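Below, each chain spelled out in residue letters.
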Amino acid sequence: MFTYTVSVTTGNQEFAGTNDYIYLTLVGSERCSDQTLLDKSFFDRFARGSVASVDVSVKEILGDIVLVKLQKGKFLFNDQWYCRCINVTTPSGELFEFPCYRWIANEQEVVLRDGKGRLPQDDNMKEIRHMELESRQRMFRWKEWRTGFPLSIDANTSSELPLDIQFETAKTVDFSLNFIEAIANLGLNEFMKLFQSSWTDIEDFRKIFVEIKNTVSERVMQKWNNDLMFGYQFLNGCNPVMISKCMNLPDNFAVTQEMVERSLNRGLTLQEELKAGNIYIADYAILEGVPPNATDPDTQQYLAAPFCLLYKNSQNEILPIAIQLRRQTTAEVFLPSDDQYDWMLAKMWVKCSDFNVHQLVTHLLRTHLTSEVFTIAMYRQLSAVHPIYKLLIPHVRYTVAINTAARENLIGESGIFEKANGTGGIAVVEVINKAMKTLTYKSMCFPESVKARGVDNKDELPNYYYRDDGMMVWEAVRSFVSDVVRIYYSSDESVQEDGEIQAFVQDVCFSGMKNCPQNGEFPEFLKTREQLVEYLTVVIFTASAQHAAVNFGQFDWFAWVPNSPSTMRKPPPTQKGQVDMKYIMESLPDRGRASWHLGAVWALSQFQDGELFLGVYPDNYFTEQPVIEAITTFRKKLFEVTNIIKSRNEKLKLPYWYLSPDRIPNSVAI
């Protein structure tokens, strides 16, 4: 008799064991073992996250172990068991590793391949790959949740999701209670009772800061009305993607030389400053014609689509020099030299527009929904032994689950968006539909996106930490992806011959992104290794760094309501000299909406318990030494980037941390 030792590692999940039984079969290159019963007595030996072993005796050597089959039977009731991995040690001492990281449930048979990454054209078990993908495509079906949106998972509730992509129970409860807990933890309950009443004055907003200790948000509270603080946020706030170099003024922006000459400190005219590259613009054209939130018949709400002209002065500071709240050439242009309340309210309107564009476009569409498209396509088209599946799987963790929860509780009917935001109700669909027109593959390539806005030059626009840190992280990710791609793909031809990777990009292009004009010009075929590297870098960077940059600063920058109103209750002013503090307070969100807003941005800004940050891969999907070494190199580069950012931040009054790798979660999971 020959003995094979099978070591089974269970998970740390809430339900790691089972009351049912599992049949285990070893499949060798020469023959199979008989089924070995793993019953309750076997699983009782487990603690969470522990290892238990069982010996499998056979009469003849099985050869190389190529598969492990797990067949779940049902005893009295259907239970679930989370298996991390199975290792098989042969009679000669050779070790075969079988990554699993799956729930075993529903009397299903699970077939595990060993940990070696295999391209489909090089795999001698094509039928097993085919059956695996057929099964996944039945589970991961596309659905158009709202007309014109990127496609998402075909599931109405979190409980309908495939078990392997659901939240762990602890996290599900945590997410469900986050907003309610936030309201209570921040001491906002008393204000929720006065839902539609206005605040008395700006200082009144301090009442909801009683429980808050946060360096950035406190500084925002103190400096929010300062033009320098206003301008700084276009570079390093929570929505640092709106600023673009302005070489020619829009035809319907009625600003003139005479209006802004007092703000230009180089002695040049506006045209000369434009030509010199010192004028920038934030344009919220996407909100033009969008109907504001009308879900509350007792509160009229308003939106605007402003222009905000920004000036880089001789001290390299970004300052607002003109704001136009309407798109007509006859519209009033508000200036820093205007009455303080006129200028204050004009800036509030810009920040309200900025907040709503951030929520729906920068954050929801361009990180959450796009990452879900990549996730579903990956599950549908890449086998678990595909090296690119192994590369991407940590970066799709919980993404579909959080988006499904968001559709249920955040952006759906009666969600938080309707309660607090000017773009609640039908505006959600209108804004996303407009934003889909400019969602392109190239706009998701970080270097291309900053170049397209004319803000890529460090000398021309210094102190843009979002750009600087983003480029370092992009390059670290790109280098890591390149290392992995070159381990498995020996040539450009091997990319072209990879039917699964081509099906993956085609599923993204023709299914997930089908509502973008020309499918967003997402690639429908990859011809070279470099194209594959760029594509995968987009996927990973979007899910990790880009999401971190626009999500985890929400409480910092949006908590002080006058700095980022979620909605406005009075129409934008059409003339100067008619605004006082009473009008401003009647414009800003009422007590209830401000409280919902604050609770939401607090909840969305929290790291989760057990958060996995960029480059931290506790699940060993890869077992081959060259890839393990590539991961080690990646983590070293990320550590270097973290230290560079830390050293710079020590010299800054207002540190920028959002793209420090040690604060970038691997995936979109909140």
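Just so it is clear, the structure is predicted and the values come from calculations on it, not from any experiment.

Along the protein chain, the regular secondary structure elements total 22 helices and 15 strands. When contacts within the protein chain are restricted to residue pairs at least 6 apart in sequence, long-range pairs at least 24 apart make up 76% of them. Summing over all exposed atoms, the protein chain offers an accessible surface of approximately 26,700 Å²; the carbon and sulfur share of this is 48%. Of the side-chain charges in the protein chain, 68 are positive and 84 negative, and the distance between the mean point of each set is 2 Å.

This next bit is on the packing of helix α9 (residues 340-381) against helix α13 (residues 427-436). Helix packing for two helices is described by the angle between their axes and how far apart those axes are. The geometry of α9 relative to α13 is characterised by a closest axis approach of 10 Å and an angle of 70° between their N-to-C directions. The pairing of α9 with α13 is recorded here as roughly perpendicular in orientation. Along the contact surface, α9 presents Leu360, Val361, Leu364 and Leu365, while α13 presents Ala427, Val428, Val431, Ile432, Ala435 and Met436. In terms of residue class, the contact of α9 with α13 is made up of 10 nonpolar, no polar and no charged.

Secondary-structure assignment places Val66 in strand β5 (residues 65-73). C-alpha separation for the pair Val66 and Glu372, spaced 306 residues apart in sequence, amounts to 32 Å.

The UniProt record marks Asp39 with the feature "binding site: Ca(2+) 2" (unreviewed entry), using the residue numbering of this structure. Tracing the backbone through its elements, the reader meets Asp39 in the loop between β3 (36-38) and α1 (40-43).

On inspection of all chains with the given rule, the structure shows 25 aromatic pairs. Centre to centre, the rings of Tyr82 and Trp103 are 5.2 Å apart; their planes meet at 70°, and the pair counts as edge-to-face. On the criterion of sequence distance, the pair formed by Tyr82 in strand β6 (residues 81-89) and Trp103 in strand β7 (residues 95-104) is long-range, its members being 21 residues apart. Here the aromatic residues Phe374, Tyr441, Phe504, Phe522 and Tyr535 are joined through ring pairs into a cluster of three or more.

Below, the discussion takes up the environment of Thr542. Inspection of the secondary structure assignment puts Thr542 in helix α18 (residues 529-551). Assessed through its relative accessible area of 2%, Thr542 is described here as buried. For the pair Thr542 and Gly115, spaced 427 residues apart in the sequence, the C-alpha separation amounts to 27 Å. At a separation of 2.7 Å, a polar atom in the side chain of Thr542 contacts the main-chain carbonyl oxygen of Val538.

Along the chain, Asp354 turns up in helix α9. Of the buried charged residues, Asp354 lacks a salt bridge, with Lys351 as the closest side chain of opposite charge at 5.2 Å. The residues touching Asp354, leaving out its near neighbours within four places in the chain, are Phe234, Asn239, Met242 and Tyr284.

The next point concerns the sheet that holds strand β15 (residues 333-334). One open sheet holds the five strands; their spatial order is β11-β12-β13-β14-β15, and the pairing between them is antiparallel. The two strands at the open ends of the sheet, each matched to only one other strand, are β11 (244-245) and β15. Across the sheet, helix α6 (residues 227-236) lies against β12 (279-283), β13 (307-312) and β14 (318-324), angled at about 95° from β14, the strand it touches most. The strands touched by α9 within the sheet are β13, β14 and β15, with β14 carrying the most contacts at an inclination of about 95°.

Here we come to the UniProt feature "binding site: Ca(2+) 1" (unreviewed entry) in the protein chain. Mapped onto this numbering, the UniProt entry gives "binding site: Ca(2+) 1" (unreviewed entry) at Gly17 and Asp79. Locating Asp79 in the fold gives a position in the loop between β5 and β6.

Before going further, it helps to examine the nonpolar core. Most often, soluble globular proteins keep nonpolar side chains buried together rather than apart. Formed by 170 residues in total, the largest nonpolar core has its most connected members in Phe504 and Trp557. Looking at which element gives the most residues to this core, the answer is α9, with 21 residues. Both domain 1 (2-114) and domain 2 (117-241 + 360-572 + 583-669) contribute no fewer than three residues apiece to this core.

What follows concerns the pattern of salt bridges. Evaluation of the coordinates by the stated rule reveals 27 salt bridges. Put simply, Arg141 and Asp154 hold a salt bridge, and the shortest N to O gap is 3.1 Å. Linking Arg141 in the loop between α2 (126-139) and β9 (142-143) with Asp154 in the loop between β10 (152-153) and α3 (169-185), this pair joins segments that are 13 residues apart in sequence. Judged by relative accessible area, Arg141 falls into the partly exposed class, the value being 36%. Salt-bridge contacts for Asp296 lead to Arg593; the nearest nitrogen and oxygen are separated by 2.6 Å. Here Asp296 is found in the loop between β12 and β13, whereas its partner Arg593 is found in helix α21 (residues 591-604), with 297 residues between them in sequence. Each member of the pair, Asp296 together with Arg593, is buried.

So, on to the domain arrangement of the protein chain. Per the domain assignment, the segments making up the protein chain are domain 1 (2-114) and domain 2 (117-241 + 360-572 + 583-669). In this assembly, 16 residues from domain 1 lie in contact with 16 residues from domain 2. Between domain 1 and domain 2, roughly 1,500 Å² of surface is buried when both sides are summed, and carbon and sulfur atoms account for 52% of that area. Three residues stand out in domain 1 for area buried against domain 2, namely Tyr101, Arg113 and Asp114, and they jointly supply 42% of the buried area on that side. If you look at where domain 1 meets domain 2, you find four salt bridges. As a salt-bridge pair, Asp164 and Arg102 come within 3.6 Å of each other at their nearest N and O atoms. By residue number, the principal contributor to the side of domain 1 that touches domain 2 is β7, which donates five residues.

Its 24 residues give helix α15 (residues 465-488) an end-to-end C-alpha distance of 35 Å, which sits within 8% of 34 Å, the value for a rise of 1.5 Å per residue. Counting buried residues along α15, 17 of its 24 residues qualify, which places the element largely inside the surrounding structure.

Turning to the sheet that holds strand β2 (residues 21-28), a few remarks are in order. Read across the sheet, four strands follow the order β3-β2-β5-β8 without closing on themselves; strand pairing throughout is antiparallel. Two strands in the sheet have a free side with no partner beyond their single neighbour: β3 and β8 (109-113). On average, each strand axis in the sheet is inclined to that of its neighbour by 25°, with strand direction left out of account. Across five bridges, the pairing between β5 and β8 is antiparallel.

Attention shifts here to α6. Among the 10 residues in α6, nine count as buried, and that is most of the element. For α6, every residue scored as buried is listed here: Asp227, Met229, Phe230, Gly231, Tyr232, Gln233, Phe234, Leu235 and Asn236. The backbone nitrogen of Leu228 lies 2.7 Å from a side-chain oxygen of the residue at the head of α6, namely Asn226.

Reading the values: rules and limits
- Residues numbered from 1 in each chain as written.
- Predicted model: local features only at pLDDT ≥ 70, side-chain atom pairs only at ≥ 80, totals over all residues.
- Heavy atoms only, no water.
- Helix = DSSP H or I, 4+ residues; strand = E, 2+ residues; numbered from the N terminus.
- Contact = heavy atoms within 4.5 Å.
- Areas by Shrake-Rupley, 256 points an atom, 1.4 Å probe, with all protein chains shown as cover.
- Lys, Arg positive; Asp, Glu negative; His and termini not counted.
- Charge placed at Lys NZ, Arg CZ, Asp CG, Glu CD.
- Axes fitted to C-alpha atoms, helices over the stretch in contact; angles between N-to-C directions.
- Parallel < 35°, antiparallel > 145°, perpendicular 65-115°, else oblique.
- Nonpolar A, V, L, I, M, F, W, Y, C, P; charged D, E, K, R; others polar.
- UniProt positions renumbered as here; feature names shortened; annotations may be inferred.
- Phe/Tyr/Trp six-rings, centres within 6.5 Å; stacked < 30°, edge-to-face > 60°.
- Buried < 20%, exposed > 50% of the residue type's maximum accessible area, 1.4 Å probe, protein only.
- Polar contact = N/O pair within 3.5 Å; in protein donor to acceptor, adjacent residues only side chain to side chain.
- Salt bridge = Lys/Arg side-chain N within 4 Å of Asp/Glu carboxyl O.
- Pairing = 2+ DSSP bridges.
- Core = buried A, V, L, I, M, F, W, Y, C linked by side-chain atoms within 4.5 Å.
- Domains from an automatic or database assignment.
- Buried area = accessible area lost by both parts, 1.4 Å probe.
- Expected span 1.5 Å × (residues − 1).

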